[in-house]
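Breakdown of the fold
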Amino acid sequence: MSRCRRNALALMLSLCLLPAIAAADVDPAFNEALQAASDQVAQGDSLGAAIAYERLLADPRLETLEPEPRSEVWVHAAIAAGVQGDEALAERRVQKALEIRPDYAEARLLLAGHQISLNQLDAAADNMIRGIRDSKDTPALTEDQVWYISMHLRKDPARRQALLQGLFDQHWKPDGIEPSWYWVDLAELQVESPQSDRVAATLERVDEPLPLIQLRSDKRFDRFIQRGDARFDPVAAAQRYIDRMRVETMLSPGLNEAAVALANALLITGQAEDVVGMTQSLGEFAAQSRSLPEPEEARPVGMMLNARARAFWQLGRNDEAIQTQELATRMASPGDDTEQKLRLASSYTGLHRPALARQTLRDMGELSVQGEGMTQVILLQAAQQLADDAAQQQARSALAAVRPQAPAYTMLGLVTDHRLDEAAAVLAERLADPLERGSALLELQQLRERPELPGDKDFHASWKQFKARADVIAAAEKVGRIERYALYSE
């Protein structure tokens, strides 16, 4: 939910696995010098590599290389500059590589990642779309990078569709797991465009329970979904997904995205005891640890601890749940702990500990619009519990400000505030928006709920009243349907 802070340095390090530069018909001594500089980067001698590349880029023999190896030299030199912390120089060198070879996909995606870190999202979107199109292999993009650009393009459906269609055609699967929610977004864009003939192929790669519930709730997809077919049964899909993830975790044991996906799938089906068992050793280790996980392990550690906390919430073991949620926040890397803080603060309001919720949300840094919306909903609930009128008004104003880009949180805030007429008006707008409709319908489905927490009773009563309103039901049934499923929401 925070702005993408993954800097160009980290992105450039990911390119250190580029093949060694091999140039034919060039002075062998120059080739050796190129290889030596590349080896220095790979071995961590960034200062030596930086000095070497300064000489190599000024060497007239560089211009005798063909465009492909010459552009690779400039990218390797950019990596060296990035490792040294000179990102401005690194960016200039990547730009030079693209001047030499405009279809150099890896360099273009590298530039897009750098622009995301600088919040230059329009330029990043253009470079990402073109880089995906020019890629000869599956583009090496993280889910964070794609999420930021996809959210940025929500009001630009043509470019957003180009982004997602390019990823779909290139068989992009971050961490080896099918990104079903992105394909749901793509299907929504396709069904609203002249490319509705592509929807069926897109839906073939959606086989997770909650994405299928969203598709089933939306009448636009009735002609593509056989509702009585087990293929489109969310409960059956949940079991298929669990089976797939069990295989993945056996093939790739340890803390990784497959383990996180398995834990989340088990929670959706209510198998909380299994999640407690599979995370037992992690919980014990994290409780005793006096240091943070390594950077590459921080995210799966945090997500698995989140899953463990959710399992305890489902089981009504609230003391263990909040302790685990606090542990997940403590184990998060500084600057990458936004999601953990939001979960913890929401848990505190659920336990009617508003002062702790406020304290948790201090110094959140720059947030995405969605992160800001969620933060303000939590702060509104905390202010209500504290009877702090000024803070309530501040949260209301902030939620009104995010309405154009994050109407779901504005609606949630209005329900929290018992302003149900206004909430129903926002829902009507969301259902009328082709790209907001699916998520709005999903929120209205009847799913299993964890035991109610004392601080959530007021909100749950308001939400139940909201969903029972005749105008809400009528608006939903005009474009979709509300059904009951024996599954938990995420």
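Please read these numbers as outputs of a predicted model, since none were measured by experiment. (Residues numbered from 1 in each chain as written. Predicted model: local features only at pLDDT ≥ 70, side-chain atom pairs only at ≥ 80, totals over all residues. Heavy atoms only, no water.)

1. What to know about helix α16 (residues 280-288)
Burial in α16 covers these residues: L282, G283 and A286. Projection of α16 onto a plane perpendicular to its axis shows the buried side chains occupying an angular sector of 100°, all on one side. Of the residues in α16, the exposed ones pointing more than 90 degrees away from the buried face are S281, F285 and Q288. For α16, the secondary structure elements touched by its buried residues are α17 (295-314) and α18 (318-331). (Buried < 20%, exposed > 50% of the residue type's maximum accessible area, 1.4 Å probe, protein only. Helix = DSSP H or I, 4+ residues; strand = E, 2+ residues; numbered from the N terminus. Arc of directions from axis to C-beta. Contact = heavy atoms within 4.5 Å.)

2. Observations regarding the nonpolar core
In this structure, V275, L305 and W313 are the most contacted members of the largest nonpolar core, which totals 43 residues. Looking at this core, the elements with two or more residues in it are α13 (234-251), α14 (257-268), α15 (272-278), α16, α17, α18, α19 (338-350) and α21 (369-386). Ranked by the residues each element gives to this core, the list is headed by α17, at 9 residues. With residues up to four places along the chain from it excluded, the contact list for W313 reads N318, A321, I322, Q325, S347, L351, R450, P451 and L453. Among the nonpolar cores identified, the runner-up in size contains 37 residues, and A125, L164, L189 and L203 belong to it. (Core = buried A, V, L, I, M, F, W, Y, C linked by side-chain atoms within 4.5 Å.)

3. Focus on the packing of helix α8 (residues 143-152) against helix α9 (residues 157-169)
The contact between α8 and α9 brings their axes to 9 Å, and the two run at 150°. By the angle between their axes, α8 is roughly antiparallel relative to α9. Considering the relative orientation of α8 and α9, their crossing is left-handed. When α8 is examined against α9, the residues V146, I149, S150 and M151 are found in contact with a partner set consisting of R160, L163, L164 and L167. (Axes fitted to C-alpha atoms, helices over the stretch in contact; angles between N-to-C directions. Parallel < 35°, antiparallel > 145°, perpendicular 65-115°, else oblique. Left-handed = near helix turned anticlockwise from the far one by under 90°.)

4. A word on the side chain of T324
Looking at the secondary structure, you find T324 in helix α18. Using a relative accessible area of 7% as the deciding quantity, one classes T324 as buried. Residues contacting T324, with those up to four places away along its chain left out, are L305, R308, A309 and F312.

5. Some remarks on the packing of helix α5 (residues 87-100) against helix α6 (residues 105-117)
Here α5 crosses α6 at 150°, and the two axes come no closer than 9 Å. Along this stretch, α5 crosses α6, giving a crossing that reads as left-handed. Every residue of α6 that contacts α5 at E87, E91, V94, Q95 and L98 is listed here: A107, R108, L110, L111 and H114.

6. Digging into the pattern of salt bridges
For the structure shown, the criterion picks out 35 salt bridges. The partner of R133 in a salt bridge is D134, and the shortest N-O contact between them spans 3.6 Å. We classify D134 as buried; its relative accessible area is 18%. When the shortest N-O distance is used, the salt bridge between E339 and R343 registers 3.1 Å. (Salt bridge = Lys/Arg side-chain N within 4 Å of Asp/Glu carboxyl O.)

7. A word on unusual backbone geometry
Phi is positive for N119, close to 65°, though the residue is something other than glycine. You can see N119 is positioned in the loop between α6 and α7 (121-134). Its identity as a non-glycine residue notwithstanding, H418 has a phi of 65°, on the positive side. Along the chain, H418 turns up in the loop between α23 (407-416) and α24 (420-432). What makes H418 partly exposed here is its relative accessible area of 41%.

8. A few points about the packing of aromatic side chains
For the structure on display, the rule yields 5 aromatic pairs. With a centroid separation of 6.2 Å and an interplanar angle of 20°, the aromatic rings of F459 and W463 are classed as stacked. A residue pair is termed a helical-turn pair when its members lie 3 or 4 positions apart in one helix, as F459 and W463 do in helix α26 (residues 457-467) at 4 residues. In this structure F459 comes out as buried when scored by relative accessible area, which is 18%. An aromatic cluster is defined as three or more aromatic residues linked by ring pairs; in this entry it consists of F459, W463 and F466. A cation sits over an aromatic face here: R101 above Y104, 4.0 Å from the ring centre. One Lys or Arg, R231, reaches over the ring of F232 and ends 4.8 Å from the middle of that ring. (Phe/Tyr/Trp six-rings, centres within 6.5 Å; stacked < 30°, edge-to-face > 60°. Lys NZ or Arg CZ within 6 Å of the ring centre and 35° of its normal.)

9. Here we look at a nonpolar patch on the surface
The grouping of V247, M250 and L251 at the surface amounts to a nonpolar patch, some 340 Å² of accessible area in total. Relative to the helices and strands, V247 is located in helix α13. (Patch = residues over 30% accessible without salt bridge, like charges linked within 9 Å, V, L, I, M, F, W, Y side chains within 5 Å. Areas by Shrake-Rupley, 256 points an atom, 1.4 Å probe, with all protein chains shown as cover.)

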